[in-house]
There are 2 protein chains.
Amino acid sequence: MSQQIEIKPVKVGIIGLGTVGGGVVKILQEHHDDFLRDQGVDIQLIAAASSDPAEAERLGITDIFSTDGYNVINNPDVDIIIELVGGTGIAKEFIFAAVEAGKRVVTANKAIMATSGHELLALAGSKGLEVAFEASVGGGIPIIGALRNSLIGNRIESVMGIVNGTTNYMLTRMGESGLDYDTALKEAQDKGFAEANPSADVEGADAAAKIAILTTLAYNTEVILDQVPTEGITELSPVDLENAKAMGKVIKLLGIANRTPEGIDMRVHPTMLPADHALASVNGVMNAIFVVGDAVGDTMFYGAGAGSGPAASAVVGDLIEVAQRLTYDITRPFIRFGTEDAPLKPLDDVVCGYYLRLPVPDKAGVVAATAQVFADNNVSIKSMVQDDAQDGTAQLIYVTHPTREKDIQATLAGIEAAGVLASAPVFIRIED
Amino acid sequence: MSQQIEIKPVKVGIIGLGTVGGGVVKILQEHHDDFLRDQGVDIQLIAAASSDPAEAERLGITDIFSTDGYNVINNPDVDIIIELVGGTGIAKEFIFAAVEAGKRVVTANKAIMATSGHELLALAGSKGLEVAFEASVGGGIPIIGALRNSLIGNRIESVMGIVNGTTNYMLTRMGESGLDYDTALKEAQDKGFAEANPSADVEGADAAAKIAILTTLAYNTEVILDQVPTEGITELSPVDLENAKAMGKVIKLLGIANRTPEGIDMRVHPTMLPADHALASVNGVMNAIFVVGDAVGDTMFYGAGAGSGPAASAVVGDLIEVAQRLTYDITRPFIRFGTEDAPLKPLDDVVCGYYLRLPVPDKAGVVAATAQVFADNNVSIKSMVQDDAQDGTAQLIYVTHPTREKDIQATLAGIEAAGVLASAPVFIRIED
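Read on for an overview of the structure. None of the values given here were measured: they were computed from a predicted structure. (Residues numbered from 1 in each chain as written. Chains lettered and ligands numbered in written order. Predicted model: local features only at pLDDT ≥ 70, side-chain atom pairs only at ≥ 80, totals over all residues. Heavy atoms only, no water.)

### Focus: helix H6 (residues 143–150) of chain B
In terms of burial, H6(B) is a largely internal element, eight of the eight residues being buried. Those residues of H6(B) not exposed but buried are B:Ile143, B:Ile144, B:Gly145, B:Ala146, B:Leu147, B:Arg148, B:Asn149 and B:Ser150. Buried residues belonging to H6(B) abut helix H12 (308–327) of chain A together with strand S6 (131–132), strand S7 (156–162), helix H10 (205–219), strand S10 (286–293) and strand S11 (297–304) of chain B. (Buried < 20%, exposed > 50% of the residue type's maximum accessible area, 1.4 Å probe, protein only. Helix = DSSP H or I, 4+ residues; strand = E, 2+ residues; numbered from the N terminus. Contact = heavy atoms within 4.5 Å.)

### A closer look at the interface of chain A and chain B
At the interface, 52 residues of chain A touch 52 residues of chain B. Roughly 4,300 Å² of surface becomes buried between chain A and chain B when both sides are summed, with 59% attributable to carbon and sulfur atoms. Counting the contacts that link chain A with chain B gives zero salt bridges. Along the contact surface separating chain A from chain B lie six residue pairs in polar contact (both at pLDDT 80 or more). Looking at the side of chain A that touches chain B, the elements with two or more residues in it are helix H1 (19–39), helix H6 (143–150), strand S10 (286–293), strand S11 (297–304) and H12 of chain A. Along the lines of polarity and charge, the residues of the side of chain A that touches chain B split into 23 nonpolar, 20 polar and nine charged. As judged from the five bridges shared by S11(A) and S11(B), these two strands associate in the antiparallel manner. Across the sheet, the residue bridging to A:Met300 is B:Tyr302, located in S11(B). (Buried area = accessible area lost by both parts, 1.4 Å probe. Salt bridge = Lys/Arg side-chain N within 4 Å of Asp/Glu carboxyl O. Polar contact = N/O pair within 3.5 Å; in protein donor to acceptor, adjacent residues only side chain to side chain. Nonpolar A, V, L, I, M, F, W, Y, C, P; charged D, E, K, R; others polar. Pairing = 2+ DSSP bridges.)

### What to know about the packing of aromatic side chains
In the structure shown here, the tally under the stated rule is nine aromatic pairs over all chains. An angle of 20 degrees between the planes, with centres 6.1 Å apart, marks the rings of A:Tyr354 and A:Phe427 as stacked. With a gap of 73 residues between them, A:Tyr354 in strand S12 (residues 351–361) and A:Phe427 in strand S16 (residues 426–430) connect regions that are remote in the sequence. Each member of the pair, A:Tyr354 as well as A:Phe427, is classed as buried. The interplanar angle of 70 degrees and the centroid separation of 5.3 Å between the aromatic rings of B:Tyr70 and B:Phe94 together place this pair among those described as edge-to-face. One end of the pair, B:Tyr70, is in helix H3 (residues 69–73); the other, B:Phe94, is in helix H4 (residues 90–100), and 24 residues separate them in sequence. Residue class for B:Tyr70 comes out partly exposed when judged on its relative accessible area of 29%. A relative accessible area of 9% places B:Phe94 in the buried class. (Phe/Tyr/Trp six-rings, centres within 6.5 Å; stacked < 30°, edge-to-face > 60°.)

### What about the pattern of salt bridges?
Under the defined criterion, the tally for this structure stands at 37 salt bridges over all chains. The residue B:Arg404 makes a salt bridge to B:Asp407 at a minimum N-O spacing of 4.0 Å. Residue classification places B:Arg404 among the partly exposed residues on the basis of a relative accessible area of 33%. Here the residues in one salt-bridge network are A:Lys110, A:Asp206 and A:Lys210, joined through shared partners.

### Focus: the sheet that holds strand S4 (residues 80–83) of chain A
All names here are of chain A. Strands sit in the order S3-S2-S1-S4-S5-S6 across an open sheet of six strands; the sheet is parallel. The open sheet has two edge strands with one neighbour each: strand S3 (65–66) and strand S6 (131–132). As paired strands, strand S5 (residues 104–107) and S6 are joined by two bridges and run parallel to one another. Bridge pairing in S6 links valine 105 to valine 131.

### So, the environment of B:Glu405
All names here are of chain B. Within the fold, glutamate 405 resides in helix H14 (residues 405–417). Taking the relative accessible area as the measure of exposure, glutamate 405 reaches 1% and is therefore buried. Spatially, the C-alpha atoms of glutamate 405 and valine 351 are 6.1 Å apart, while their sequence positions differ by 54 residues. Once residues within four sequence positions are removed from consideration, glutamate 405 is found in contact with Leu347, Asp348, Val350, Tyr354, Phe427 and Arg429. One polar contact links glutamate 405 to arginine 429, side chain to side chain, over a distance of 2.8 Å.

### Remarks on helix H5 (residues 110–126) of chain A
Residues and elements named next belong to chain A. Along its length, H5 shows its largest kink, about 85 degrees, at serine 116. On its buried face, H5 is in contact with helix H4 (90–100), S6 and helix H10 (205–219). Of the residues flanking the start of H5, the one acting as N-cap is asparagine 109, its side-chain oxygen 3.2 Å from the backbone nitrogen of alanine 111. (Bend = angle between axes of the 7 residues up to and from the residue.)

### Quick look at the packing of helix H1 (residues 19–39) of chain B against helix H12 (residues 308–327) of chain B
Residues and elements named next belong to chain B. Contact pair H1 / H12: the axes reach a minimum separation of 9 Å and the direction vectors enclose 45 degrees. Classified by the angle between their axes, H1 and H12 sit oblique to one another. For the element pair H1 and H12, the recorded crossing hand is right-handed. Contact residues: H1 offers Thr19, Val20, Gly23, Val24, Ile27, Leu28, Phe35 and Gln39, while H12 offers Ser308, Ala311, Ala312, Ser313, Val315, Val316, Leu319, Ile320 and Gln324. (Axes fitted to C-alpha atoms, helices over the stretch in contact; angles between N-to-C directions. Parallel < 35°, antiparallel > 145°, perpendicular 65-115°, else oblique. Left-handed = near helix turned anticlockwise from the far one by under 90°.)

Spelled out as structure tokens, the structure:
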């Protein structure tokens, strides 16, 4: 019962033929007839560019290849451009030039969406074009589609996600096998889960870009990457993961965006979660985003957050939707991307429990001295444990009752000023 | 930066004001202005019907209320009808009459979608109308949207879901606390998680309707409820959940739809899953659908499968999308609902491991007699354990290597014919 209608081809150009780009090209090669039959679109890849001609050779597309992205953008036959260069350098020039040239754009570029997404979508909107970016967050997990479509009947109350596979892999291995940070990082690099320069992952910037995008969508408020208070996992030791376990918790690097009466509470940092929370069992390189809506209640979206296949799945999903709208002469009515301006709640005002690990010299009076600083700052201590000293250094593990961030920071500053620390303290926020 | 454009109201009628219908009306009352501002739709509820006027009074909508659904359907001003009566009786008449009358329809009716969905969508398609049914599977979990949109770049390889909250609650309690079946059912009924007549849930028909819908969407093949081989949980005992635990597994009532070279392998039955499978930790009344795509790999969608809020979230999400298309004069291009006709793989040909519990008299020779039947049918035994006898009855627990369903059925028939069973055997399929 196939439809017997004339289907106009949709002509596509792609810039960037690396892991994800190669995956996209392969899907388009293998599934062209499926998409024609099942989705009613005749997608023809007519132009491709990357800096490395060898990639085009491997994919068998040298006939449509150029090393200059502008040859794709300026090709008058191209309807839709897939941008998979990444970063905010030349990719940003390409993507804006593509929209200026009247092209629809599909991108996986989280950095652009988290810094210039508003300008980009405003420009596209003014020209009746669209920019699709499902692949920018959570790889193949359709969280952008869920927030933009399926969950729109909800007032979103909270978004909490494990949105960086590298750090989730490292924390999983540190927790399971007691690996130290450096060993876990080395292992992740050996397996191809971490880059040679891992700083964007381990310091939290990658997760921050994604939570900026999710915040923008969930609350339709204009936020950018630089506004996200961000801490990475570089200070964590296996002992912290062990202590978490003893408390019935796990440590995850979370991106958080909560609606509060004082504004949107948005941040990225290592977080202790109850071991029975749905996010707690998301391990290895997998990602998951936990969303609470006023009607739907708790939901979670789980999948591979990176890799050729998952990201390509998201890109092709977007491409088919855009191609359907082109084929059937449909404009997408609403792409709200941060058109309002909700207040942000300062990190200083966040209230939660805290875990503090203070490395101190193993001598009398240190517990009293540190406990006094908590008292001076009106921070209520829930528990204190002193681990057995090693090499003359003991670990004081404090857990607080719910406390304002500002007061815990003052406490930490007071303890540092008291001169009792043997090395830098570790502190981790606790979500219940 | 709100848009200053004239927005034409969309006029909505609702039939059915029970739990879900009441939830929908409340969302529309509370969020009208949010939807106007954020989604660009002015949704006006102008007609409502149910058999019970008290429901309309509670919701404060007596002015638009009628006890006759046809007053909603025949109201010429109504653009979209929300059908929440349920079942295939009068609801089916309403829903077809609504489409015949030129109305768009949003429904949560899994029974109609799983039995007459193809006719309904064909009729709607022929009139340029649409029928949206996100709420028919998985409550507020946006699995229909994911299969219809975000994941369309994938060839779906497998769909496996916990799609019935009642039975998942009962199995969770039987596993956690050793409750027997009757006690677990009573507890579920007391908490409002099971109906007075629980047969549609505990015998698997509810899950079968949902897996029929998911199969239709995932593989675009025409299947209906009656084609789903279905077993419920009524034969399970706490001892089976204990045995599963000892094997590092859990038991869940799963709806399964796998793509195989021999056709779609579709079924509903209790299943042993590895304890570290993502579905294994989905407990209580929560639902989750695990989808494997050739590009995206493993994904899972998790949330509350029933209840006023979640189902209403899905209905309102659909309603807003349909209303946006009406407001902006857009037709939805493609609603493929089983337009192809893929072969189904017969249950007899399914190959998996099996757990069999045989209650037998505690006397010599029974193990040998039963083992002989396995041998006669070429079924390879992986392990056999005999539990301590109670009241003269022992439990023989056999676990097989991967075996064809047909051979295990012949084995069971042979054992029954051998006259060694003290009561009915239990068998559970194992997924790895």
